[in-house]
Amino acid sequence: MKSNFTDFPLLEKKNKTYPLFYPYIAKSSIKSMQTVLKSRWIGQGPLVDDFEKVFKNKFAKNNECVAVGSGTDALHLAFILANIRKNDEVICPLFTCTATNIPLLYIGAKIKFADIDPKTMNVSIEHIKKLITKKTKAIIFVNYGGVPCDLEELNKLKNKHNLLLIQDAAQSLGSKFKNKDITNYADFTIFSFQAIKHITSGDGGLLSFKDKKLLDAARRIRWFGIDRIKKQGGTWENDIKEVGYKYQMTDLGARLLLDTLKEYKKITTHRKKIFDIYKKILSKNKNIKILDTTNLLLTNSHWLCTIITDKREFLQKKLRKLNIETNQVHFRNDRYSIFDKFVINKKFPNMDLYEDKYLVIPLNHKISTKDAYFISNSINRILK
Ligand SMILES: Cc1ncc(COP(=O)(O)O)c(C=O)c1O
């Protein structure tokens, strides 16, 4: 039977198109996936363990790593392990994928949103300083588009006020701060391997954390609260003492990730090349600002390229006529009614200024350097 699934409102396939996002699948996976499909393990098996080891070695040497079914699973697991409970006060990013904050609603935590820093659209450290009280338990922050927040400043706040730091690195795989992996700067760091991220397993995620004592609990809560190793030994005592979830990664997903990780350098090198072309061409245009990291002591992993313009809608419509896909991607989370009951504060002047101005332009392996010149020159022509 023919599927009714349509990718509207994505671009029509006729003529050349410039997609905003595109999944990256390593060529080697087409073959290696057959091996997994013919094996005993297609759910969570040995490849998940292998992936955790390879990932730890590459991005989180000083942390423990637990692979899960999505970035959202990893966030929920982080909040549970951080012991965030009903009515606990947490500071979170106003501007992010809703997935950063929605698991806090499962718990019933009290949310204080941090306004954006106009330079990066990451959380404003100055605003966070004003939001911290004796009741604050954790700061949750996202590295928007691949650009790390000021991780040293956040650590100063952590130490001064005895808080936990939970880092949403869904968009910042491999980003660094002062040449160190970002995983060094937070108690918990989560990653997403959803379809359009740097590396993907269709859906997948990973939680990394510093406190090694949490490893057994993390593994149990990932899988119903059951100690899987004991169970597989065939001598499992049949009791579950804590509520767990079904948050594990599968070997099918792990195979895709292991293959793609080998190409991580190629993926990010290309993304940087495209980003640098946008920067070079768009910086000539006084009507546009490109969110950039120049002069900050960090390494961007270039997941998004975001521009700021007073004529967003006009630009978007013109670009669509050229088959160039753009989008806001994320919206300020206080616009969603689900947060109303949980959010304490309401004023966000920096976000108010940017709300109608930010736009994300295509940045992925399907965009060639020639495409990047075409896209950025088109933007300059439309907004001259
Ligand atoms: C910043 C951010 N946090 C969390 C998530 C959630 O990840 P997942 O879709 O893997 O659950 C995403 C993306 O989807 C994201 O962009």
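We now turn to the structure provided with this report. (Residues numbered from 1 in each chain as written. Predicted model: local features only at pLDDT ≥ 70, side-chain atom pairs only at ≥ 80, totals over all residues. Heavy atoms only, no water.)

This part takes up the nonpolar core. Among the nonpolar cores identified, the biggest contains 50 residues, and I111 and M121 are the most heavily contacted of them. Sorting elements by how many residues they give to this core places helix α3 (residues 71–81) first, with six residues. Composition of this core by domain shows at least three residues from each of domain 1 (28–261) and domain 2 (264–382). Dropping the residues within four chain positions of it, I111 is found in contact with V90, C92, L104, L105, F339, F342, V343, I344 and N345. Listed in part, the 44 residues of the second largest apolar core include A114, I182, A186 and L258. (Core = buried A, V, L, I, M, F, W, Y, C linked by side-chain atoms within 4.5 Å. Buried < 20%, exposed > 50% of the residue type's maximum accessible area, 1.4 Å probe, protein only. Helix = DSSP H or I, 4+ residues; strand = E, 2+ residues; numbered from the N terminus. Domains from an automatic or database assignment. Contact = heavy atoms within 4.5 Å.)

In this section: empty space enclosed by the protein. Applying the stated criterion across every chain yields a total of two cavities of 30 Å³ or more. Estimated volume of the largest cavity: approximately 80 Å³. Lining the largest cavity are T120, Y144, G145, V147, F275, L291, D292, T293, N300, L304, C305 and T306. When the residues that make up the lining of the largest cavity are grouped by side-chain class, the tally is six nonpolar, five polar and one charged. Two domains each donate at least three residues to the lining of the largest cavity, and these are domain 1 (28–261) and domain 2 (264–382). What the second largest cavity holds in volume is close to 30 Å³. As for the second largest cavity, its lining consists of P93, L94, F95, A114, D115, I116, M121, N122, V123 and V142. Looking at side-chain class alone, the lining of the second largest cavity contains eight nonpolar, one polar and one charged residues. (1 Å grid on protein atoms, 1.4 Å probe; cavity = no way out; pocket = protein on both sides within 12 Å on 5 of 7 lines; lining within 4 Å. Points joined across faces, edges and corners; volume = space filled by probe spheres on them. Nonpolar A, V, L, I, M, F, W, Y, C, P; charged D, E, K, R; others polar.)

The immediate surroundings of the ligand are formed by 16 residues, with G71, T72, D168, S192 and K197 found nearest. Measuring from an oxygen atom of the ligand, one finds a side-chain N or O atom of S192 at 2.7 Å. Between the ligand and the protein, one listed contact pairs an oxygen atom with a side-chain N or O atom of K197 at 3.1 Å. The leading source of residues in the shell around the ligand is α3, at three residues. Of the residues assigned to the shell around the ligand, the class counts are five nonpolar, nine polar and two charged. (Near = heavy atom within 4 Å. Polar contact = N/O pair within 3.5 Å; in protein donor to acceptor, adjacent residues only side chain to side chain.)

What follows concerns unusual backbone geometry. The phi dihedral of N162 is positive, around 55°, even though this residue is not glycine. By the element assignment, N162 lies in the loop between α6 (151–161) and β5 (164–168). For K178, which is not glycine, the phi torsion reads 45° and is therefore positive. Relative to the elements of secondary structure, K178 occurs in the loop between β6 (176–177) and β7 (180–181).

Let's shift gears to helix α10 (residues 264–282). Along its 19 residues, α10 runs 27 Å from first to last C-alpha, staying within 8% of the 27 Å computed at 1.5 Å per residue. Considered for burial, the residues of α10 that qualify are Y264, I267, T268, R271, I274, F275, I277, Y278, I281 and L282. For α10, the elements touching its buried residues are α2 (46–59), α9 (251–261), β10 (288–290), β12 (305–309), β13 (358–361) and α13 (369–382). (Expected span 1.5 Å × (residues − 1).)

To continue, consider the side chain of R332. As for its position among the elements, R332 is in the loop between α11 (312–321) and α12 (349–354). Among the polar contacts made by the side chain of R332, one reaches the side chain of D334 at a distance of 2.8 Å. In terms of polar contacts, R332 uses its side chain to reach the side chain of D352, at 2.8 Å.

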